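Residue-level structure breakdown
Residues per chain, in single letters:
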Amino acid sequence: MSRRNTFFIPQTFAYTARTQAFITATGISDETILTALNNFDLSIIAGTFENAIIAMRVFVGGTSSEQLVDFFANRNITFNGGWTYPNGALPNGTNGFYQANIIPLNDMVESDYSYGFYFGNTSASNEFIGNYGGGAFFGMFKVGADLYIYSNTPVDIAPITPSSHDGFHQVTKYDLNNLKYKHTGEAIVTRAATPTVGMSALEFTAGSALGLYDEREVCLDYFTNRALTSTEMADMETIVQTLQTALGR
């Protein structure tokens, strides 16, 4: 009786085009990371905000060359000063900052944009994320327990006090005079924010303005060219939190 050989063909996993491009750009092969990113991308594709995203950095891998890559493949960041890459990107608290490759004047419209940052640890330090000075006032400024949002005005608006400063922070400017802010698991807060200066021509930076450096692990950032709706902000929070959980951070 003849013996028939049986061949087992291993199942292949089909990555999205964006995940595959990220693999090519970074060389990352860790299956936990790639599966988490692929599921994350499938959620982005299934959502309503994909075409609004102009930059999305997920800060995975263990080196600067892996973590600087934009998941949307067009806005890699530049690390400056001292950084380590434990499970995200951690500045040294002295001179570490990164350039986001986003210039508000070029990339956003005053009354129609969003951005967000996911931080992995709470710090007692003050911190500015964005740009402040030289006629440019744009970003989030942490002072003690309070958070101030600057939307092209040097005047402090009423502060926001989130339950903590780790987790996911989102800012949406949805008309000329108002903005929304959302922190992980908390209700959206609205604030009046009428611009008094033009959109900033300076590059958006994290951890560098005013010489205030923060030892804070960055786990994700994003920027859009239109305001996200309240529903989209909640959806973005959900899929980002799912990604962080899948990555164990």
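For the structure itself, consult the block above.
Residues numbered from 1 in each chain as written. Predicted model: local features only at pLDDT ≥ 70, side-chain atom pairs only at ≥ 80, totals over all residues. Heavy atoms only, no water.

1. Some words on the environment of leucine 42
Basically, it comes down to this: Where helices and strands are cited, they refer to DSSP runs of H or I of at least four residues and of E of at least two residues respectively, numbered from the N terminus. Partly exposed describes any residue whose relative accessible area lies between the buried limit of under 20% and the exposed limit of over 50%, with all areas from a 1.4 Å probe on protein chains only and scaled to the type maximum.
With respect to the element layout, leucine 42 can be found in helix 2 (residues 31–46). For leucine 42, a relative accessible area of 44% translates into the label partly exposed.

2. Remarks on empty space enclosed by the protein
Where we set the bar: Space inside and on the surface of the protein is sampled on a 1 Å grid over the protein atoms alone, with a cavity defined as a set of points where a 1.4 Å probe fits but cannot get out and a pocket as an open set with protein on both sides within 12 Å along at least 5 of 7 lines; lining residues have an atom within 4 Å of a point. Grid points are joined across faces, edges and corners, and a volume is the space filled by probe spheres set on the points. Ten residues, namely Ala, Val, Leu, Ile, Met, Phe, Trp, Tyr, Cys and Pro, are considered nonpolar, four, namely Asp, Glu, Lys and Arg, are considered charged, and the remaining ones, Gly among them, are considered polar.
Under the criterion given, the structure shown has two cavities of 30 Å³ or more. For the largest cavity, the full set of lining residues is Phe119, Glu127, Ile129, Met140, Lys142, Leu147, His165, His169 and Arg216. Of the residues that constitute the lining of the largest cavity, the class distribution is four nonpolar, two polar and three charged. Reported here for the second largest cavity is a volume of approximately 50 Å³. Lining the second largest cavity we find ten residues, and of these Pro91, Glu127, Gly207, Arg216 and Val218 sit closest to its centre. In terms of residue class, the lining of the second largest cavity is made up of five nonpolar, two polar and three charged.

3. With respect to the sheet that holds strand 9 (residues 146–151)
Hydrogen bonds between backbone atoms are what pair the strands of a sheet, whose relative direction is either parallel or antiparallel. Filter applied, for reference: For two strands to pair, DSSP has to find at least two bridges joining them.
Spatially, 2-5-13-7-8-9 is the arrangement adopted by the six strands of the open sheet, whose pairing is antiparallel. The strands lining the two open edges of the sheet, one partner per strand, are strand 2 (78–80) and strand 9. As paired elements, strand 5 (residues 97–99) and strand 13 (residues 205–206) share two bridges and run antiparallel to each other. The partner of tyrosine 98 across the bridge, within strand 13, is alanine 206.

Limitation: the analysis is restricted to geometry and does not speak to function.
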